[in-house]
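What follows is the residue order along each chain.
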Amino acid sequence: MGLPAPRLARSRAATEFAPLRFATMLDALIILLFLITGAVTGFLGVDLLPERALQQVTDLEGLRFVVAGFTALFGGLFGLLAQAAVRRLQLQARQMPTDQLISRAVGLILGLVIANLILTPIFLLPIPTEFVFLKPLAAVIGSIAFGMSGITLADTHGRTLIRLVNPGSVESALLAEGTLKPAISKVIDTSCIIDGRIEALIETGFLEGRLIVPQFVLQELQQLADASNDQKRSRGRRGLDVLNRLRETYAPRISINSADYDDIGTVDAKLVRLAQDLQAPLLTVDYNLNRVASIQEVTVLNINDLAKTLRPTYLPGDRFDLRILKEGKEAAQGVGYLEDGTMVVVEEGRPFIGSEIAVMVTGALQTSAGRLIFAKPVSLMPA
């Protein structure tokens, strides 16, 4: 039985304001400690006054309280400064990347350890009583100097050091804090395997994560490969060949899932159910499966949609105005550029260098270096 709405709202409010309450209490505690420290310092510090001055005081206790009041005031001011410094430190710690925070902490610890090792022999030296204050002074200065040096070195080389000690520690920490997102596994359907373009997607690195091939998809491929129809048999064998190549080349990323749903009749419905159970996207080229899965709120990655997105902007027969800027490699060629930097090679465009003319696209070429469009001047094309 759940909590009533008012009580539930109060509990949520208490949870949300808990960090704020803790921060307020910490601020008050810091200021209070400085106030008390200042008051105690002033109260006891009266005894450090010269004897002649103390002999002239008629009310020593009253003087103690007056001095304690003044020093408490100064302590409160220092407390406000310390509280602001703590706030800034907390804010920096929250915004600081995890790997940098860890490396700085390690650098600080190493710096303090080195300072302690170096200063220990100094503390053993015989020092006159008049200069005994030099020992704690050297300890404070040495600790600050070596601690800051450790933090500075950690900022420069800390990430490299962490990678040497544990190569996966930085990525694990970033994944844990949410800065990096783990690669999501994807369920592959039959049509996607038969299509074959998944090989190129994996090879180019655009498809991440594990690829889950359900057992019932393998069975469907086998049935297609054993079919009496030549077209179905060819598609089934092609799918099995693609899957075998994937398992040979990318074995760690291909996983066969044995889950099956006897109460579901069709393979498409089983794929949707498996994707829902695994909370994984469905990789397909089947338009109907895409629509059905989307209706059931399953994330679908359609390779056809990706190919459509990457299709050249201009297709053969399209016309647009282009300024010819320079000569091409071949005779009579001119070269211009679209606004996005795409090169357009215009056949018989050399006479128009420096002019803006209407051109018609005759072809396009997609390479790893980008797109290349071929065109001809409209004025030189037959009517």
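For every chain, the first residue of its written sequence is number 1, and the numbers climb from 1 along that sequence. In view of the model being predicted, local features appear only for residues whose pLDDT reaches at least 70, and side-chain atom pairs are presented and counted only at 80 or more, with totals across whole chains, interfaces and linings using the full set of residues. Just so you know, side-chain values use all the structure's heavy atoms and leave hydrogens and water out.

Under the annotation held in an unreviewed UniProt entry, the protein chain carries the name Nucleotide binding protein, PINc and is attributed to Synechococcus elongatus. Entered under Cofactor (unreviewed entry) in the UniProt record, the comment concerning the protein chain runs "Mg(2+)". UniProt positions are given in the numbering used here, feature names are shortened, and annotations may be inferred rather than shown by experiment.

**Student:** What is the right way to read the nonpolar core from this model?
**Tutor:** Most often, soluble globular proteins keep nonpolar side chains buried together rather than apart. Ile188, Ile193 and Ile198 are the most contacted members of the largest nonpolar core, which totals 35 residues. Any two residues whose heavy atoms approach within 4.5 Å at even a single point are treated as in contact. Not counting the four nearest positions on each side in its chain, isoleucine 193 is found in contact with Ile188, Val213, Val217, Leu221, Gly239, Val242 and Leu243. Listed in part, the 11 residues of the second largest apolar core include Phe320, Val344, Val359 and Ala375. To form a nonpolar core, buried Ala, Val, Leu, Ile, Met, Phe, Trp, Tyr and Cys residues must be joined to one another through side-chain atoms within 4.5 Å. Residue burial is assigned from relative accessible area. The probe radius is 1.4 Å, only protein chains are included, and a residue is buried under 20% of its type maximum, exposed over 50%, and partly exposed in between.

**Student:** It is not clear to me how the packing of helix H9 (residues 215-225) against helix H10 (residues 230-249) should be interpreted in this structure. Could you clarify?
**Tutor:** Think of two packed helices as two axes; the pair is described by the angle between the axes and how far apart they sit. An axis is simply a line fitted to the C-alpha atoms; with a helix, the fit covers only the stretch in contact. Between two such axes, the angle follows the N-to-C directions and lies from 0 to 180 degrees. Working definition: helices are DSSP H or I runs of at least four residues, strands are E runs of at least two. Numbering for both runs from the N terminus. Packing of H9 against H10 leaves a shortest axis separation of 6 Å and a crossing angle of 135°. The orientation of H9 relative to H10 falls into the category oblique. Of the two possible hands of crossing, H9 and H10 adopt the one that is left-handed. Contact residues: H9 offers Leu218, Leu221, Leu224 and Ala225, while H10 offers Lys232, Arg233, Arg235, Gly236, Arg237, Gly239, Leu240 and Leu243. Three categories are distinguished: nonpolar for Ala, Val, Leu, Ile, Met, Phe, Trp, Tyr, Cys and Pro, charged for Asp, Glu, Lys and Arg, and polar for the others, with Gly belonging to the last. Looking at side-chain class alone, the contact of H9 with H10 contains six nonpolar, two polar and four charged residues. Note that the term roughly parallel is reserved for angles under 35 degrees, roughly antiparallel for angles over 145, roughly perpendicular for angles of 65 to 115, and oblique for everything else. Left-handed describes a crossing in which the near helix is turned anticlockwise from the far one by less than a right angle; the clockwise case is right-handed.

**Student:** How should I be thinking about the packing of aromatic side chains in this particular structure?
**Tutor:** The way to describe two aromatic rings as a pair is by their centre distance and the angle between their planes. Two aromatic rings from Phe, Tyr or Trp, using only the six-membered ring of Trp, form a pair when their centres are within 6.5 Å; if the ring planes differ by under 30 degrees the pair is stacked, by over 60 it is edge-to-face, and anything between is tilted. Tallied over the full model, the rule gives one aromatic pair. Plain terms: the ring middles of phenylalanine 43 and phenylalanine 65 are 5.4 Å apart, the flat faces sit at 65° to each other, and that makes the pair edge-to-face. Pair noted here: phenylalanine 43 is in helix H1 (residues 5-45) and phenylalanine 65 is in helix H3 (residues 60-95), with a separation of 22 residues, a long-range link. For phenylalanine 43, a relative accessible area of 25% corresponds to the partly exposed category.

**Student:** Just checking my understanding: could you explain the UniProt feature "transmembrane region" (unreviewed entry) in the protein chain for this structure?
**Tutor:** Mapped onto this numbering, the UniProt entry annotates "transmembrane region" (unreviewed entry) at residues 20-45, 65-86, 106-127 and 133-154. Across residues 65-86 one finds 100% helix and 0% strand; the C-alpha atoms that close the span lie 30 Å apart. What you have in residues 106-127 is 82% helix and 0% strand, and the ends, taken at the C-alpha atoms, are 33 Å apart.

**Student:** I tried to follow the side chain of asparagine 302 on my own but got confused; where do I start?
**Tutor:** Relative to the assigned elements, asparagine 302 resides in strand E5 (residues 300-302). Setting aside chain neighbours within four positions, we find asparagine 302 in contact with Thr284, Val285, Asp286 and Asn290.

**Student:** Can you walk me through a nonpolar patch on the surface in this structure?
**Tutor:** Every patch collects residues that have over 30% relative accessible area and no salt bridge, joining them within 9 Å if they carry like charges and within 5 Å if they are nonpolar side chains (Val, Leu, Ile, Met, Phe, Trp, Tyr). For the accessible areas, the method is Shrake-Rupley and the probe is 1.4 Å, while residue cover comes only from the protein chains on display. Take a side-chain nitrogen of Lys or Arg and a carboxyl oxygen of Asp or Glu: if they are within 4 Å of each other, that pair is a salt bridge. Together, Leu29, Leu33, Phe34, Val66, Phe70, Leu73, Phe74, Leu77, Phe78, Leu80 and Leu81 make up an exposed nonpolar region whose accessible area comes to about 1100 Å². Listed by contribution, the elements that provide at least two residues to the nonpolar patch are H1 and H3. Among the elements that make up the nonpolar patch, the one with the highest residue count is H3 (eight residues). For leucine 80, the location among the structural elements is in helix H3.

**Student:** Would you mind going over the packing of H9 against helix H11 (residues 267-278) with me for this structure?
**Tutor:** It is the contact of H9 with H11, at a shortest axis distance of 10 Å, that shows an interaxial angle of 155°. Comparing the axis directions of H9 and H11 gives the class roughly antiparallel. Of the two elements, H9 crosses H11, and the hand of that crossing is left-handed. Across from Phe216, Val217 and Glu220 in H9, the residues of H11 making contact are Val267, Lys270, Leu271 and Leu274. Residue composition of the contact of H9 with H11, grouped by class: five nonpolar, no polar and two charged.

**Student:** How should unusual backbone geometry be read in this particular structure?
**Tutor:** Leave glycine aside and you will find that most residues have negative phi; peptide bonds, for their part, are mostly trans. The backbone of glutamine 279 sits at a positive phi, close to 55°, despite the residue not being glycine. Secondary-structure assignment places glutamine 279 in the loop between H11 and strand E4 (282-284). Non-glycine residue glutamate 297 carries a positive phi angle of around 60°. Residue classification places glutamate 297 among the exposed residues on the basis of a relative accessible area of 75%.

**Student:** Please explain the sheet that holds E5 as it appears in this structure.
**Tutor:** The strands that make up a sheet pair up through hydrogen bonds in the backbone, lying either parallel or antiparallel. Pairing between strands is defined by DSSP: at least two bridges between them are needed. Strand order in the open sheet formed by five strands is E3-E2-E1-E4-E5, and the pairing between neighbours is parallel. Both outer strands of the open sheet, strand E3 (254-257) and E5, are each paired with one neighbouring strand and no more. Strand-to-strand, the axes of this sheet are offset by a mean angle of 30°, without reference to chain direction. As judged from the two bridges shared by strand E1 (residues 186-188) and E4, these two strands associate in the parallel manner. By the bridge assignment for E4, valine 187 is matched with leucine 282. Sitting on the sheet, H11 touches E1, strand E2 (211-214), E3 and E4, and the angle it makes with E1 is about 165°. Helix H12 (residues 287-295) rests against E4 and E5 of the sheet, and its axis sits at about 160° to E5.

**Student:** Got a minute to help me understand the pattern of salt bridges in this structure?
**Tutor:** Proximity of charged atoms lets side chains of opposite charge pair with each other. Across all of its chains, the model carries six salt bridges by this definition. When the shortest N-O distance is used, the salt bridge between arginine 233 and aspartate 230 registers 2.3 Å. Here arginine 233 pairs with aspartate 230, and both are found in helix H10, just three residues apart, close to one helical turn. For the salt bridge of arginine 323 with glutamate 356, the shortest nitrogen-to-oxygen distance reads 3.9 Å. A residue pair is termed long-range when its members are at least 10 positions apart, and arginine 323 in strand E6 (residues 319-323) and glutamate 356 in strand E10 (residues 356-367) qualify at 33 residues. Among the residues examined, arginine 323 registers a relative accessible area of 42% and is labelled partly exposed.

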